[in-house]
Each structure stands twice: as structure tokens, then as C-alpha cells.
Amino acid sequence: MSVNRHPNTQGVTIKQWRYTATGGETTLSGTDGFSQSLTYTAGAEEVFINGVLLVRGTDYTATTGTTVVLNNALVAGDIATVSAPSVFNVANTVPLATVAAKGDLIVGNGAASVTNLGVGADGSTLVANSSAGGGISWAGPTFMAGKNKMLNGAMDIWQRGTSTAIAYGLSRSGADRFYTNSDSSLTGTSSQQAFTAGTAPVAGYEGTYFLRQNITATSGGTFIVVVGQDIENVRTLAGQTATLSFWAKADASRTYSLSAQQNFGSGGSSATYTSTTFTIGTTWSRITTTFTFPSVAGKTIGAGSYITIAIVSPSVTAQTLDTWGFQLEAGSVATPFSTATGTLQGELSACMRYYEQSYDIGTAIGTNTQNGQVTFRGLGYSASSSGGSPTTAIWNEITIPYEVKKRIPATVTIYSSYTGTAGKFRNYDGSTDLAGYSIDGNGQQAFTFGAGQFINPNYYCGFHWTASAEL
Amino acid sequence: MNEYTYTIPTGYDGNPRTDMIVRSDGAWIPTDPANADYQAYLNKDTLPSNSSIPQAGE
């Protein structure tokens, strides 16, 4: 049988082997009547005959660990008991003082070495972290669904086309939600670049495209936000530690900075700015930077508030910067990359909250294409009530619903589907572009296009449209 | 640099509309404070600047 003598403090197990003699035995060994084999650590055993403790070396010999040799033979009915404690090596214990508070963990920080890892914040998770002393650290709180606050982080969605111009001010990239912003008169191109299969920077996550910001010339100005994205609602991550991670490479190694901004919307409090710096080299590497968004307590939040993630160039200079895999998440650890929604359709729909167009995805605005255009037929003049020649054009109104409800009523632009001219629709049968239209009923779900210009009856007309509800 | 001009369209009743403005590139912009294009219209006389962005080393 086994007896745990001090189960709450020592953890030492006492094995007790008991045997009833038939008479004449001088050796104790084997299995007793309780299926307990006789084993002991020499020198630590205690041998009793009828409850009387024998003297080691005088009354018996015990050296093998499995047998005890008695100096005097047993008499029938004698009860021989051998008690054997388990080995207890004090040198290999962990001091209780290693932990100091509820939830503390003892983690290895090297060979035969441990350290304390204090309990994490509520809802946080343990993640492997090679830069932490104990090899693991608390992250988060993180949420697998929606942990990434940036949309289109994998650069899969390019509604506006695969190549767009970079110029003075804010230049929206073809990659949805991303832009360049500068007070310098820039010349350059924001373009879609394809990863060669198997060469994407993340093992196990094959990115398809990355974003290339190629600035070929600058003129004047004080700053360049080479890559930026606005994220709706200034309450996002307010008062929290946040980590931005992304993969990047540049034409030359530079020390860029992150400008994390809180913009409080129309009539709201003044913006806040938090900055960190990091180096982007000439080969793909993951950039990780951790910072804290200020609390919004006491702030006035107006309509259209947002936070901004801006990658700022160290100087106003021509450059090429490639980026992919943007992720902004709560906590101080960059967890494995995932898109905000987890699916292509999810990312597209999320981006469409801010921008949508009738052109096919990836088709540049102003392209001569009839795919996806809105068409209608001319209705001519209304009849004259006086019997004379009719002079009032019949309005031809078309309500165009969005695929995704917009953040706000959007800025709507009409394009001739033939010449690509903005502010015009195409009268195909009349071989001309016309500007006589109105945008009405402009809401989050739809807008109404009303052609109020005379168009010969049954003349075929068409146009494309874009709707921007960007921040 | 894009330097837009703006016009106020006329409504069906012949009066100037209050819900929309039209930018010189043909964009119809709702007069919504949360609309970034409308904010740009309101701030059209302000030189585009974002010099409060912290630069590296600051």
C-alpha cells in the first residue's frame, strides 16, 4: 500500500510492504498480500517486526533495493513491515515565491531555469513570442473574427483599377482603402504588383498582390504619407495598446515613421498624433510597431470620425515602397496575419461600404467599356397641352441601388461609358455626350439619376458611375 | 494639384438646391458634414497641409 504522509506540503510517498511470517524466514522480498512489491532506497528504509523498529546493520542488512536479510529468523505469525519513502530531491523544486499573484505562470526561460509570467489582461491569450524572456507572452485581448482593424490588408481588392496616379494631396490607390497623401507636388504611380507563386513573404499565407507606391519626383512640400488608411470611428482602439504589423521593402533602407492619428470628425475635438519609427530595408520583412491610442474620455466626437494609420517618409524624396499584409490589432504582440473579414467577398463588401462603382473590379475609371454600364432609352418631349410643338423634355429617371449600403450618402460621379468623360452620359444613337442630368434621392442605399435633357425617343444611352463615401 | 471649383445645382422648382453641390470634375457631393468631399469644399480656401504629422526623430 502507499501512504502520502503530507499530501499538502511535501508530496513524499511512503510505500509500505507488509508480510506475515510462516516461520523460519530470514529474507524479505517479492510481493506482499496487498500486491505491493518490495522496493526501497537503501538507507531510507525502515524495517519493523511486530511493530518494533529494527536497527539497520545490526538487526538486518538492506543493500539491494529489493531484499532485506534479517539476522534472526522470523517466527510464524510475526508481522514484518518495510516502509520505504520515495526519493525527494529538494534541489529540483521550484520555490513557491516564483509566483506572486493570482494567475501567475511559471515558464521556462532556458535550460533548467524558470521565471514568472504575470497574469495577462482579461480576455488575453498566450502566444509564443521568441523575443520574450520566457518564450511566451500575453497578447490581446485578441479576437480572431475582426481582430484586424484595417480593411483590404491583403491587397486583394482593387476596385478603382490596378494603376492610379500619385499627385499632390490625397491620391487614392487602386487598392481599396489605401491612399498616398502629401503637400508636395508628387509624380508617381500606385500600382498592383503580383507575387510570384510561392514567393509571398508569409509562409502558409500566399498573398496574391502587393501595393507598390512609386514616387518618381517631388516638388516642395514637407511630408509624404506613402501609405495610409483611415479607419472609421475614432473610438476604435481608444485607450488601448495597439500593434501595427505589415510586410514591406523599399528601394533603399530608410527609417519611416508611423503616425497614428485620432480624428474626431466634423465639429469634434482636435486630432491627436502618436508616432513610432522603424526601418524598412530592401528585402521583404515584417515591420511591427506597438503604441497606445489616447483615451477619448472628455473628447467631442463629431460626424465622420476616424483613426488614421499613416506610414510617413523620413523626407520628401522620390522612392519606391512595396507593402502587403497590414494588420492593426489590440495588444502588444503582432499575431499571425489575417484579413479583417477572412474572405474575399467579406473584404469586398467591407470596402464597398466606402466605395463602389459600376465598372468591373480592376477596370480603371473612365475606361471605354459598356460592361456594367447603366442604360436607358430617350423619351423625347412631353406632349403640349396647347396643341403646339412640345418643348419640355421628359425626365428619364433611373434609381440605382448599391450592392452595399454606404457609410453616408455618397459623392456620385457619372461618366460617359464611351469617352469616359466625367459629368456626362453617352447618347450612343446621337453619337454625343450629354450633361443634362441630376442626381436625386441620394441616400445610403441608392441614388436616382435623372436625365432631363431632350433625347430623341428610343435613342440608346448609357453611363458608368462611382459612389464614394470615403473618410 | 487638383483645384476644383464648385457650383450649386438648381432644383426642379428652379431654386438652388441645398442638399448637393457639384464639383468641377462632375462629382455630385451631398452637403453632409461626414462627407470628406464636402469637408474639402468647406476647407477649399485652406492650403492642403498635414504638417502636424510627427516626422521621424520628433
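Since we're looking at a predicted model, the values are computed, not measured.

Rules and cut-offs
The numbers attached to residues start from 1 for each chain and follow its sequence in the written order. Chain A is the first chain written and ligand 1 is the first ligand written, with later ones labelled in order. Restriction of local features to residues with pLDDT of at least 70 applies here, the model being predicted, together with a cutoff of 80 or more for giving and counting side-chain atom pairs; totals for whole chains, interfaces and linings are based on all residues. Excluded from the side-chain calculations are hydrogens and water; all other atoms, namely the structure's heavy atoms, are used. Helix numbers and strand numbers start at the N terminus; a helix is a DSSP run of H or I with at least 4 residues, a strand a run of E with at least 2. Within these notes, the globule rule equals 2.2 Å times the number of residues to the 0.38 power, and the radius of gyration is based on C-alpha atoms. Working definition: with a 1.4 Å probe on protein chains only, accessible area under 20% of the residue-type maximum means buried, over 50% means exposed, and in between means partly exposed. Any two residues having at least one pair of non-hydrogen atoms within 4.5 Å are treated as being in contact. Each accessible area is a Shrake-Rupley estimate made with a 1.4 Å probe; only the visible protein chains count as cover when residues are assessed. Pairing between strands requires that DSSP locate at least two bridges from one strand to the other. As used here, the term nonpolar core means buried Ala, Val, Leu, Ile, Met, Phe, Trp, Tyr and Cys residues forming a set that is joined through side-chain atoms within 4.5 Å. Structural elements are reduced to axes, namely lines fitted to C-alpha atoms, with helices fitted over the stretch in contact, and the angle between N-to-C directions of any two is expressed from 0 to 180 degrees. Throughout this description, a polar contact denotes any pair of N or O atoms lying within 3.5 Å of each other; where both atoms belong to protein, one of them has to be capable of donating a hydrogen while the other can accept it, and for residues adjacent in sequence the pair is counted only when both atoms sit in side chains. Should a side-chain nitrogen of Lys or Arg be within 4 Å of a carboxyl oxygen of Asp or Glu, the pair is scored as a salt bridge. As a per-residue measure, pLDDT reflects the predictor's confidence and takes values from 0 up to 100. Those domain boundaries reflect an automatic or database domain assignment. Two parts lose some accessible area (1.4 Å probe) when they are put together, and adding that loss for both gives the buried area. Classes in brief: Ala, Val, Leu, Ile, Met, Phe, Trp, Tyr, Cys and Pro nonpolar; Asp, Glu, Lys and Arg charged; the others, Gly included, polar. Here the aromatic set is Phe, Tyr and Trp, taking the six-membered ring for Trp, and pairing holds for ring centres within 6.5 Å; pairs whose planes are under 30 degrees apart are stacked, those over 60 apart are edge-to-face, and all others are tilted. Like charges within 9 Å and nonpolar side chains (Val, Leu, Ile, Met, Phe, Trp, Tyr) within 5 Å are joined into patches, using only residues over 30% in relative accessible area that form no salt bridge.

Time to look at the overall build of chain A. Scanning chain A from terminus to terminus reveals one helix and 33 strands. Here the C-alpha atoms of chain A give a radius of gyration of 39 Å, more than 25% beyond the 23 Å that 2.2 N^0.38 yields for 471 residues. Projecting the C-alpha coordinates of chain A onto the three principal axes gives extents of approximately 140 × 50 × 50 Å. Here chain A, with 471 residues, has 46% of them falling under the buried criterion. Counted over contacts in chain A with a minimum sequence separation of 6, partners at least 24 positions apart contribute 68%. For chain A, the exposed surface amounts to about 20,500 Å²; the carbon and sulfur share of it is 51%.

All right, on to the pairing of strand β17 (residues 209-217) of chain A then. The side chains of a regular strand alternate between both faces of the sheet. All names here are of chain A. Bridge count for strand β16 (residues 187-194) against β17 is eight bridges, and the pairing is antiparallel. If you follow Ser191 over to β17, its bridge partner there is Arg212. Looking at chain direction, β17 and strand β24 (residues 319-330) are connected through five bridges and run antiparallel. Along β24, the bridge assignment pairs Gln213 with Leu321.

Here we come to the nonpolar core. Membership of the largest hydrophobic core comes to 46 residues, with the highest contact counts inside it found for Leu244, Ile309, Ile311 and Leu328 of chain A. Elements with a minimum of two residues in this core: β17, β18 (224-232), β19 (241-250), β20 (254-263), β21 (272-280), β22 (285-292), β23 (306-312) and β24 of chain A. Per-element tally for this core: the top contributor is β19 of chain A, with six residues. If you look at the next biggest cluster of nonpolar residues, it comprises 26 residues, including Ile400 and Phe463 of chain A together with Trp28 and Ala34 of chain B.

All names here are of chain A. Here we have six strands laid out as an open sheet, ordered β14-β15-β18-β23-β20-β21, and antiparallel in their pairing. If you trace the sheet from one side to the other, it starts and ends with β14 (169-172) and β21, each paired once. Between one strand and the next, the sheet's axes are offset by a mean angle of 25 degrees, whatever the strand orientation. As paired strands, β14 and strand β15 (residues 178-182) are joined by four bridges and run antiparallel to one another. Bridged to Ser171 within β15 is Thr180.

Residues and elements named next belong to chain A. What the six strands build is an open sheet, ordered β13-β16-β17-β24-β19-β22; its pairing is antiparallel. The two strands at the open ends of the sheet, each matched to only one other strand, are β13 (163-166) and β22. Averaged over neighbouring strand pairs, the angle between their axes works out to 30 degrees when direction is ignored. Bridge count for β13 against β16 is four bridges, and the pairing is antiparallel. Opposite Ile166, over in β16, you have Gly188 as the bridge partner.

All names here are of chain A. Within the element layout of this structure, Gln262 appears in strand β20. Gln262 gets classed as buried once you look at its relative accessible area, which sits at 0%. Among the polar contacts made by the side chain of Gln262, one reaches the side chain of Thr272 at a distance of 2.7 Å. Within the structure, the side chain of Gln262 is placed 2.9 Å from the backbone oxygen of Pro294, a separation counted as a polar contact. Every residue in contact with Gln262, bar those within four places of it in the chain, is listed here: Val234, Ala238, Ala271, Thr272, Phe293, Pro294, Val296, Tyr306 and Ile307.

Inspection of every chain in the model, using the stated rule, returns 15 salt bridges over all chains. Of the charged contacts in the structure, one is a salt bridge between Arg23 of chain B and Asp25 of chain B, with a shortest N-O distance of 3.0 Å. By relative accessible area, which is 26% here, Asp25 of chain B ends up partly exposed. Bridged by salt links that share partners, the residues Arg160, Arg172, Arg177 and Glu470 of chain A form one connected network.

Turning our eyes to something else, we now look at the pairing of β23 of chain A. All names here are of chain A. Of all seven residues making up β23, six are buried, and the element is well covered by its neighbours. In this structure, β20 lies alongside β23, joined through seven bridges in antiparallel fashion. If you follow Asn263 over to β23, its bridge partner there is Tyr306.

Quick look at the side chain of Arg177 of chain A now. Topologically, Arg177 of chain A is positioned in the loop between β14 and β15. Among the polar contacts listed, one links the side chain of Arg177 of chain A to the backbone oxygen of Asp230 of chain A, at a separation of 2.6 Å.

Here chain A shows a mean pLDDT of 91. Residues at 70 or above account for 93%. Predicted confidence for residues 1-9 of chain A stays below pLDDT 50, and this span has 17 contacts to residues more than four positions away or in other chains.

Attention shifts here to the domain arrangement of chain A. Bring the parts together and some accessible area is lost; that lost area is often taken as the interface size. Structurally, chain A comprises domain 1 (1-93), domain 2 (96-139), domain 3 (163-352) and domain 4 (355-471). With centres defined by C-alpha atoms, the gap from domain 2 of chain A to domain 3 of chain A works out at 32 Å.

Listed by partner, the interface residues are 37 residues for chain A and 27 residues for chain B. At the boundary of chain A with chain B, total buried surface from both sides reaches about 2,500 Å², with 55% on carbon and sulfur atoms. Along the contact surface separating chain A from chain B lie one salt bridge. With a shortest N-O distance of 2.8 Å, Asp440 of chain A and Arg17 of chain B are connected by a salt bridge. Inspection of the chain A/chain B interface yields eleven residue pairs in polar contact (both at pLDDT 80 or more). Among the residues making up the side of chain A that touches chain B, the classes are represented as 15 nonpolar, 17 polar and five charged.

Residues and elements named next belong to chain A. In the structure shown here, the tally under the stated rule is 29 aromatic pairs over all chains. With a centroid separation of 5.3 Å and an interplanar angle of 25 degrees, the aromatic rings of Tyr437 and Phe449 are classed as stacked. One end of the pair, Tyr437, is in strand β31 (residues 437-440); the other, Phe449, is in strand β32 (residues 446-451), with twelve residues separating them in the sequence. Overall, Tyr437 belongs to the buried group, its relative accessible area being 9%.

Here we come to a nonpolar patch on the surface. All names here are of chain A. Residues Val94, Val99, Ile106 and Val114 make up a contiguous nonpolar surface patch of roughly 280 Å² in combined accessible area. Topologically, Val94 is positioned in the loop between β8 (79-85) and β9 (105-110). Classification of Val94 as partly exposed rests on a relative accessible area of 39%.

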